[in-house]
Amino acid sequence: MNLSKQISQEHWNSFKNATSVKQPMRKEINLADLKFLTLDTVDYCGVRLVMSKRAVKDIMSILGLSQTFGGNLNSIFGEQFTNTLLNTMKDAISSRKGISVTLLVSSDRVIQRVHKTGSSWVSTENFFDLVERTIDKHGLIVNNVENDSNGNIIVKTTNPNSEFDIVGKGLDSKQEVFQGGLNFQRTYNGLEVDPYLYRLWCTNGMVTKEFEESIRMTNITPQDWERFHQQLDRIESNNFVPQGFVDKVKMAANTPASIAEMERAINLIKSNSNCEDMAIMPFVNYGETYNQFKKMGIQPSELSTGQKKNARTNQSVWDIVNGITDFASHDYGFEIKDPENTRNNMMVQAGGILTKQYDTQNLLLAQPF
């Protein structure tokens, strides 16, 4: 299997072993054996388990009930009546239909998801089997790996033969050189595969979930696998470059970021780290923009949300995107909250800013009235 200079075979094997240890427990049960104690707490064979909000929605969906069914009853009739009714309905429907489900339980005894038996969750073994076969087939190289205590796994890959540059107004062609690849992620919701763009000049990474190349898979039936590989072949045929990516970069480089977009980047960094105020300037250069507005007697912090979206800065949207990915892709010595999840999420947020409609792109600079 192909690994980058940063990831040795020993590192890869160690990573796989660590994720196997953190894998959520799977338990197949009859739904009738699960007893509601409260709307988010159940008893199974004398063991008390908490349910995540998503797990509660899973059960409501399996029973054919509205997602707000329990909450509405609880507010009108009280918790005891609601729990009794839910258990009665659950037992009646389960007995009649013989419903078996698979629980995904995290190490802290929280039921994270409830799947109908037959709609299989992508296990750690299946995930790595898929990733390794895809890497070998499509000539990918592993650049980075991440996992957490919740069973989430992330593997970032690039294809060294997919290198491309972007030339255009407002862009330095020497800096805008990329390698395309794939970001593999296993969560409680299933398998996600998204375009991953690696900017070679500054080694920034960005994950884009809004392009049509993104793949979601919650089941692992033969039909699902067939569709999955068809989508992968289509992505490879485009050299791992998402359709529309080049045009979005050119537009972002020539569209001034709004104060709202600038503040989104600032707040994203501040809320996920101990990076404050002036230390943010190398990533989001807000100083000149704020000073110029203050010279005009306008305090940026006092603007409304709508006004901030219409207020242009001296930074382009592409500058904002690169500032976020730069912070997320490198260790600059700041304390990062939940670093492995946070860094990936920041790369995803940067991709979201790139692919959205920009605040100032339709702003008329001059009007007759």
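Just above sits the structure.
These numbers were taken from a predicted model, which means no experiment stands behind them.

What follows deals with the overall build of the protein. Check the secondary structure of the protein and you find 12 helices and 15 strands. A separation of at least 24 residues holds for 66% of the contacts in the protein among residues at least 6 apart in sequence. About 17900 Å² of surface is accessible on the protein, with carbon and sulfur atoms providing 48% of the total.

This part takes up the nonpolar core. The biggest cluster of nonpolar side chains holds 42 residues, and the ones touching the most others in it are Phe-245, Ile-269, Val-284, Trp-318, Val-321, Ile-324 and Leu-354. At the level of elements, β11 (190–199), β12 (204–207), α7 (245–253), α8 (259–271), α11 (317–329) and α12 (339–355) are the ones that each hand at least two residues to this core. Among all residues touching Val-321, those that are not within four sequence positions of it are Met-206, Ala-350, Ile-353 and Leu-354. Counting residues in hydrophobic clusters, the runner-up holds 25 residues, among them Phe-15, Phe-128, Leu-232 and Phe-240.

For the rest of this paragraph, the subject is helix α1 (residues 9–21). Between the first and last C-alpha of α1 there are 19 Å, a value that for 13 residues agrees with the 18 Å anticipated at 1.5 Å per step. When we look at burial in α1, the residues that qualify are Trp-12, Phe-15 and Thr-19. The buried residues of α1 occupy an angular sector of 60° when projected down its axis, which confines them to one face. Exposed residues lying more than 90 degrees from the buried face of α1 are Glu-10, Asn-17 and Val-21. Of the surrounding secondary structure, the elements contacted by the buried residues of α1 are α5 (124–138), β7 (141–147) and β8 (153–158).

Another aspect to go through is the packing of α8 against α12. The N-to-C vectors of α8 and α12 enclose an angle of 175°; their axes lie 11 Å apart at closest approach. Viewed along their axes, α8 and α12 adopt a mutual orientation that is roughly antiparallel. Residues Arg-264, Leu-268 and Ile-269 of α8 pack against Met-346, Gln-349 and Ile-353 of α12.

This next bit is on the side chain of Asp-326. Mapped onto the secondary structure, Asp-326 falls in helix α11. The side chain of Asp-326 sits in the buried core without any salt bridge; Arg-199 is the nearest counter-charge, 7.6 Å away. In this structure, Asp-326 is in contact with Asn-204, Phe-283 and Tyr-332, ignoring residues within four places of it in sequence.

Another aspect to go through is the sheet that holds strand β1 (residues 25–30). If you trace the 6 strands from one edge of the open sheet to the other, you get β1-β5-β6-β4-β3-β2, paired in mixed fashion. At either margin of the open sheet sits one strand with a lone partner, and together these are β1 and β2 (34–38). Across the sheet, the mean angle from the axis of one strand to that of its neighbour is 40°, orientation sign disregarded. Bridge count for strand β5 (residues 100–105) against strand β6 (residues 110–116) is 5 bridges, and the pairing is antiparallel. Looking across to β6, one finds that Leu-103 is bridged to Val-114. Lying on the sheet, helix α2 (residues 53–63) is in contact with β2, β4 (47–51), β5 and β6; it crosses β6 at an angle near 25°.

Let's shift gears to unusual backbone geometry. Of note, the phi angle at Cys-45 is positive, near 55°, even though the residue is not glycine. Its place among the elements puts Cys-45 in the loop between β3 (41–44) and β4. Of note in the backbone geometry, Asn-239 takes a positive phi value of approximately 60° without being a glycine. Residue placement: Asn-239 occurs in the loop between α6 (222–237) and α7.

Going through the model one piece at a time under the given rule, you end up with 14 aromatic pairs. For the ring pair Phe-164 and Phe-245, a centre distance of 6.2 Å and an interplane angle of 85° mean the geometry is edge-to-face. A residue pair is termed long-range when its members are at least 10 positions apart, and Phe-164 in strand β9 (residues 164–165) and Phe-245 in helix α7 qualify at 81 residues. Of the residues examined, Phe-245 reaches a relative accessible area of 0% and is grouped as buried. Considering the side-chain rings of Phe-283 and Phe-334, the 6.4 Å spacing of their centres and the 70° angle between planes classify their relative orientation as edge-to-face. Here Phe-283 is found in the loop between α8 and α9 (287–295), whereas its partner Phe-334 is found in the loop between α11 and α12, with 51 residues between them in sequence. The buried category is assigned to Phe-283, whose relative accessible area is 8%. Judged by relative accessible area, Phe-334 falls into the partly exposed class, the value being 24%. By way of ring pairs, the aromatic residues Trp-12, Phe-15, Phe-127 and Phe-128 are connected into one cluster. A cation sits over an aromatic face here: Lys-248 above Tyr-358, 4.5 Å from the ring centre.

Rules and cut-offs
- Residues numbered from 1 in each chain as written.
- Predicted model: local features only at pLDDT ≥ 70, side-chain atom pairs only at ≥ 80, totals over all residues.
- Heavy atoms only, no water.
- Helix = DSSP H or I, 4+ residues; strand = E, 2+ residues; numbered from the N terminus.
- Contact = heavy atoms within 4.5 Å.
- Areas by Shrake-Rupley, 256 points an atom, 1.4 Å probe, with all protein chains shown as cover.
- Core = buried A, V, L, I, M, F, W, Y, C linked by side-chain atoms within 4.5 Å.
- Buried < 20%, exposed > 50% of the residue type's maximum accessible area, 1.4 Å probe, protein only.
- Expected span 1.5 Å × (residues − 1).
- Arc of directions from axis to C-beta.
- Axes fitted to C-alpha atoms, helices over the stretch in contact; angles between N-to-C directions.
- Parallel < 35°, antiparallel > 145°, perpendicular 65-115°, else oblique.
- Lys, Arg positive; Asp, Glu negative; His and termini not counted.
- Salt bridge = Lys/Arg side-chain N within 4 Å of Asp/Glu carboxyl O.
- Pairing = 2+ DSSP bridges.
- Phe/Tyr/Trp six-rings, centres within 6.5 Å; stacked < 30°, edge-to-face > 60°.
- Lys NZ or Arg CZ within 6 Å of the ring centre and 35° of its normal.

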